[in-house]
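Structural overview
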Amino acid sequence: MLNVYNILETIRMIQDECLDIRTITMGISLLDCIDTDIEKACDKVYNKIVSKAGSLVATGQQIETEYGIPIVNKRISVTPIAMLAAACPDGDPVKFARALQKAADTCGVNFIGGYSALVHKGFSAGDMALIRSIPEALDVTQNICSSVNIGSTKSGINMDAVKLMGEIVKETAVRTADRDCIGPAKLVVFCNAVEDNPFMAGAFHGVGEPDCEIHVGVSGPGVVRAALTKYPDASINEIADIIKKTAFKITRMGQLVGARASELLGVPFGIVDLSLAPTPAVGDSVAHILEEMGLEMCGTHGTTACLAMLNDAVKKGGVMASSTVGGLSGAFIPVSEDAGMIDAAVAGVLSLEKLEAMTAVCSVGLDMIVVPGEIAPETISAIIADEAAIGMVNSKTTAVRLIPAIGKKEGDTLEFGGLLGSGPVMPIREKSSAKFINRGGRIPAPMQSLKN
Amino acid sequence: MRAVVTVIGKDTVGILHKVSGICAEYNVNVIEVTQSVLQDMFAMIMLVDISAIKGDFSELVDRMTALGTELGLSIHTMHEDIFNSMHSV
């Protein structure tokens, strides 16, 4: 039953509080494109993506018009390319990146994710070649995202891969130094990666997923903050309730748009990812929600507790609103993509250590953090290892997306523009972790893995 | 199939006439109208039937948005499902 209050509330959320659908992402399996001839495989990849996702952007635009809600991104995730690269050991995996870029251009999507490898227990055929090709692949393409899973609760942490990824992140930054080091902004190192994540840069289409499906990622930090503003004196459990109700409404949008997209494209509906994904736009910040709860600035004492409550309330509200919830689902805390986080980092209130603590209670990890260009690869690896350990022990996804700002040091700023925003170079510890990283091997799976 | 047209802004002569004129042009039947004028702010919500629409729904949306720009009003035309689904399970 329609009522005037509800109608005006919906319109206000969209118009004034930045409510939008952050992404509709089509997951496409490329397992049937495997070929020992890399040229043939690339042709198959291009043809399959274009045949499945050719009308994705137009369909997204149609839904935007129909419901009057913006759908910011239309994206594609594919089977980890390392699995295709495994069949052609003599081929250069960058050819796959170029084929994906060509498909992205034809389909008009803004990102294709899945230039990925899953090496949490060890490297199989194709994995090493793909990982080594990541710097070049991200240099010669614009819209391809890459991710590598280096650990899981079930298998422990592959420290050889951790060491390698420190080098790869640094090399990717060096290769794209002339473009504000944009390369590593499209590269995520995961522990416990999820197979149905619609959000970039970490999206890939897992092998357990169907041939083709549609995922939706919702957003709406601005709406949550606006709802809290109305109750300045509410207790914390009342605030949790308000967040739940708001998350419910936001997620209903995702469910509606996903179901409609699935119907129009004739593709099964995968999941709704209930995430609060910030943008650098005014009024679209997760940090500002935490500040609305009563912190003078995000990053000060109490931030972890506020974030834990927010993350939990978002899930509780959202899970009732959708028939299938999945992906990362929680609150994102990317530094450069969130106006409040940027301010807090510039002011020196938000530190790398606080961010690490926050990742133990939110849905992802150390995200879009700019570090000095002179950082040693082993230090990047050590940061990855710390973050992966949090994910492994807490049975949750954690990720690292660090951007070494080549030629810049603490106090400088790196500007990406657009949704990626800008970030101040954050200080890191100067003592070396090289000996630990160079040991190699594997951190054994924790007791939590023995659940059977 | 029904849609909701909302018009918010400064009151001027002929808003209802112009909005319903566009509806008629597209063979869209107006089912219900609620409107209020608080001081000089005008707020109208119109429930319309779009099942026999002539032409594309997106054209109707564009025409309404253009009318809004012309009159300095905020006009939204949205499928009713968005309101139904957002506020109920």
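What you see is a predicted model; the values in this text were computed from it and never measured.

Rules used throughout
- Residues numbered from 1 in each chain as written.
- Chains lettered and ligands numbered in written order.
- Predicted model: local features only at pLDDT ≥ 70, side-chain atom pairs only at ≥ 80, totals over all residues.
- Helix = DSSP H or I, 4+ residues; strand = E, 2+ residues; numbered from the N terminus.
- Rg over C-alpha atoms; globule rule 2.2 N^0.38 Å.
- Buried ≥ 20, exposed ≤ 12 C-beta atoms within 10 Å, placed from the backbone.
- Contact = placed C-beta atoms within 7 Å.
- UniProt positions renumbered as here; feature names shortened; annotations may be inferred.
- Axes fitted to C-alpha atoms, helices over the stretch in contact; angles between N-to-C directions.
- Parallel < 35°, antiparallel > 145°, perpendicular 65-115°, else oblique.
- Left-handed = near helix turned anticlockwise from the far one by under 90°.
- Pairing = 2+ DSSP bridges.
- Nonpolar A, V, L, I, M, F, W, Y, C, P; charged D, E, K, R; others polar.

1. Regarding the overall build of chain A
Counting its regular elements, chain A contains 15 helices and 13 strands. A compact globule built from 452 residues would reach a C-alpha radius of gyration of about 22 Å, and chain A, at 21 Å, matches this within 12%. With the C-alpha coordinates of chain A rotated into their principal frame, the extents come out at 65 × 55 × 50 Å. Burial analysis of chain A (452 residues in total) assigns 60% to the buried set. Partitioning the contacts of chain A with sequence separation of at least 6, the portion at a separation of at least 24 is 80%.

2. A look at the environment of Gly258(A)
Residue and element names in this part refer to chain A. Within the secondary structure, Gly258 sits in helix H9 (residues 236-265). We classify Gly258 as buried; it has 28 C-beta atoms within 10 Å. When the C-alpha positions of Gly258 and Val272 are compared, they lie 7.4 Å apart, and in sequence the two are 14 residues distant. Discounting chain neighbours no more than four positions away, the residues touching Gly258 are Ile214, Val216, Phe269 and Val272.

3. Topic: the UniProt feature "domain: ACT" (unreviewed entry) in chain B
As recorded in UniProt, the sites labelled "domain: ACT" (unreviewed entry) are residues 4-78 of chain B. Along residues 4-78 of chain B the backbone is 35% helical and 43% strand, and the end-to-end C-alpha distance reaches 5 Å.

4. Brief notes about the packing of helix H1 (residues 15-25) of chain B against helix H2 (residues 57-71) of chain B
All names here are of chain B. Where H1 meets H2, the closest approach of the two axes is 10 Å, and the angle between their N-to-C directions is 160°. On the basis of their axis angle, the class for H1 and H2 is roughly antiparallel. Helix-helix and strand crossings are classified by hand; for H1 and H2 the assignment is right-handed. Across the interface between the two elements, Ile15, Lys18, Val19 and Ile22 from H1 touch Arg63, Met64, Leu67 and Leu71 from H2.

5. Quick look at the sheet that holds strand S1 (residues 2-10) of chain B
Spatially, the 4 strands line up as an open sheet ordered S2-S3-S1-S4 (chain B), and their pairing is antiparallel. The outermost strands of the open sheet, each flanked by one partner alone, are strand S2 (29-38) and strand S4 (73-79) of chain B. Strand-to-strand twist in this sheet, taken as the mean axis angle between neighbours without regard to direction, amounts to 10°. Looking at chain direction, S1(B) and S4(B) are connected through 7 bridges and run antiparallel. Looking at S4(B), one finds that Val7(B) is bridged to Ile75(B). Here helix H1 (residues 4-16) of chain A sits on the sheet and contacts S1, S2, strand S3 (41-49) and S4 of chain B; the angle it forms with S1(B), its principal contact strand, is near 75°. Packed onto the sheet, H1(B) meets S1, S2, S3 and S4 of chain B and runs at close to 20° relative to S3(B).

6. What to know about the interface of chain B and chain A
Facing 20 residues of chain B, the contacting portion of chain A comprises 17 residues. If you list the elements that add at least two residues to the side of chain B that touches chain A, you get S1, S3, H2, S4 and helix H3 (81-87) of chain B. Here the side of chain B that touches chain A gets 6 residues from one element, more than from any other, and that element is H3(B). A class-by-class count of the residues in the side of chain B that touches chain A yields 10 nonpolar, 8 polar and 2 charged.

7. Quick word on the packing of helix H2 (residues 38-53) of chain A against helix H5 (residues 94-107) of chain A
Residues and elements named next belong to chain A. Between H2 and H5, whose axes approach to 9 Å, the crossing angle comes to 25°. Judged by the inter-axis angle, H2 sits roughly parallel to H5. For the crossing formed where H2 meets H5, the hand is right-handed. The segment H2 lies against H5, with Ile38, Cys42, Val45, Tyr46, Ile49, Val50 and Ala53 engaging Lys95, Phe96, Ala99, Leu100, Lys102, Ala103, Thr106 and Cys107. Residue composition of the contact of H2 with H5, by class: 12 nonpolar, 1 polar and 2 charged.

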